[in-house]
Amino acid sequence: MVILGISGSLRRDSHNSMLLRAAGAHLPEDAELRVFDGLRDVPPYDEDDDRDPAPDAVTRLREAIAGADALLIATPEYNSSIPGQLKNALDWASRPRDTSPLRFLPVAVVGASTGAFGAVWAQAELRKVLSASGARVVEGDLAVGHARDRFSADGVLTDHDLGDQLREVVGQLADAVRERTRTRVAA
């Protein structure tokens, strides 16, 4: 099972990128995490540019999502919402709706911020966007507040309770993939 990880932060030492790496250590044995690192290259969405072939960075994004069994997104919170570059990438990935790689794809949302609330508003907004795009958002979530205090200098998640919660979220995501596979086989 391939889980594609996307960090909504472009920052080199992003806590959300660290959170994705931590998720990779908590995956079930039958799963692997592949991190998409091309978010910075995705151009601003413009319907006039949304044609075949799509811009190269958009094609890479769509193919990465289509090649995954699930998506795990770690989002920071900018002005109480989703970072623009992440929303932009999802706008590209969600079109055209009938063939979007997001359709019916299991997705989990987690987030980290240096504030107390762990990007909960951004996570809620992101769940709304993903649901509207046809993705199947799992119920589990994780909000890592005070992120500077939750990771070691080398980016390792040091809070064991958060590690357990992260394991639960990725476990729910893996279960959603297994259920989707069973449903497809039964059909």
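Shown above is the structure to which this text applies.
To start, this report covers the structure provided alongside it. Here the residue numbers are simple positions, counted from 1 along each chain's written sequence. Selection of residues for local features in this predicted model requires a pLDDT of at least 70, selection of side-chain atom pairs for listing and counting requires 80 or more, and totals for whole chains, interfaces and linings are taken over all residues. Side-chain measures here rest on the full set of heavy atoms in the structure, leaving out hydrogens and waters.

## Considering the environment of Gly 140
And step 1. Here Gly 140 is to be found in strand 5 (residues 136–144).
And step 2. When the C-alpha atoms of Gly 140 and Arg 34 are compared, they prove to be 20 Å apart, with 106 residues separating the residues in sequence.
And step 3. For Gly 140, the residues in contact, after removing those within four places along its chain, are Val 109, Arg 127, Val 169 and Gln 172. Comment: elements are numbered from the N terminus, with helices defined as DSSP H or I runs of at least four residues and strands as E runs of at least two. Should any heavy atoms of two residues lie within 4.5 Å, those residues are counted as being in contact.

## Overview of the packing of helix 3 (residues 84–93) against helix 4 (residues 120–132)
And step 1. Relative orientation of the contacting elements helix 3 and helix 4 amounts to 10°, with a least axis distance of 10 Å. In terms of orientation, helix 3 lies roughly parallel with respect to helix 4. Here Leu 86, Lys 87 and Leu 90 of helix 3 lie close against helix 4, whose contacting residues are Leu 126, Val 129 and Leu 130.
And step 2. Under the convention adopted here, Pro, Cys and the residues Ala, Val, Leu, Ile, Met, Phe, Trp and Tyr are nonpolar, Asp, Glu, Lys and Arg are charged, and Gly plus all remaining residues are polar. Considering only residue class, the contact of helix 3 with helix 4 consists of five nonpolar, no polar and one charged. To obtain an axis, a line is fitted to C-alpha atoms, over the contacting stretch when the element is a helix, and the angle between two such axes runs from 0 to 180 degrees between their N-to-C directions. These descriptions rest on fixed angle ranges, namely under 35 degrees for roughly parallel, over 145 for roughly antiparallel, 65 to 115 for roughly perpendicular, and the rest for oblique.

## Topic: the nonpolar core
And step 1. Put simply, a nonpolar core is a bunch of buried Ala, Val, Leu, Ile, Met, Phe, Trp, Tyr and Cys residues held in one set by side-chain atoms that sit within 4.5 Å of each other. Classification of residues uses two cut-offs on accessible area relative to the type maximum, computed with a 1.4 Å probe and protein chains only: under 20% is buried, over 50% is exposed, and between them is partly exposed. Core analysis: the largest hydrophobic core is formed by 28 residues, its most contacted members being Ile 6, Leu 61, Leu 71, Ile 73, Leu 90, Leu 126 and Leu 130.
And step 2. Mapped onto this core, the elements with two or more residues apiece are strand 1 (2–7), helix 2 (56–66), strand 3 (70–75), helix 3, strand 4 (106–112) and helix 4.
And step 3. Sequence-distant contacts of Ile 6, that is, excluding residues within four places in its chain, are made with Leu 20, Phe 36, Leu 61, Leu 71, Leu 72, Ile 73, Ala 74 and Leu 86.
And step 4. Leu 27, Val 144, Leu 162 and Val 177 belong to the second largest nonpolar core, which has 26 residues in total.

## With respect to the packing of helix 2 against helix 3
And step 1. Running from N to C, helix 2 and helix 3 point in directions that differ by 75°, and their axes come no closer than 10 Å. What the angle tells us is that helix 2 and helix 3 run roughly perpendicular. Between helix 2 and helix 3, the contacting residues are Val 58, Leu 61, Arg 62 and Ile 65 on the first element and Ala 89, Trp 92 and Ala 93 on the second.

## Remarks on the pairing of strand 3
And step 1. For strand 3, a buried count of six out of six residues is recorded, marking the element as mostly surrounded by other parts of the structure.
And step 2. Burial along strand 3 is two-sided: Ala 70, Leu 72 and Ala 74 and Leu 71, Ile 73 and Thr 75, pointing in opposite directions, are all buried.
And step 3. Pairing of strand 1 with strand 3, which is carried by five bridges, proceeds in the parallel orientation. Bridge pairing in strand 3 places Ile 6 opposite Ile 73.
And step 4. Strand pairing is defined by DSSP finding a minimum of two bridges between the two strands. Alignment of strand 3 against strand 4, held across five bridges, turns out to be parallel. Bridge pairing in strand 4 places Leu 72 opposite Ala 108.
And step 5. Read as a crossover between parallel neighbours, the route from strand 3 over helix 3 to strand 4 is right-handed. Here, the term right-handed applies to a crossover whose path from the first strand over the helix to the second runs clockwise when the strands point away from the viewer.

So, to be careful, I would describe these as geometric facts and stop short of saying anything about function.
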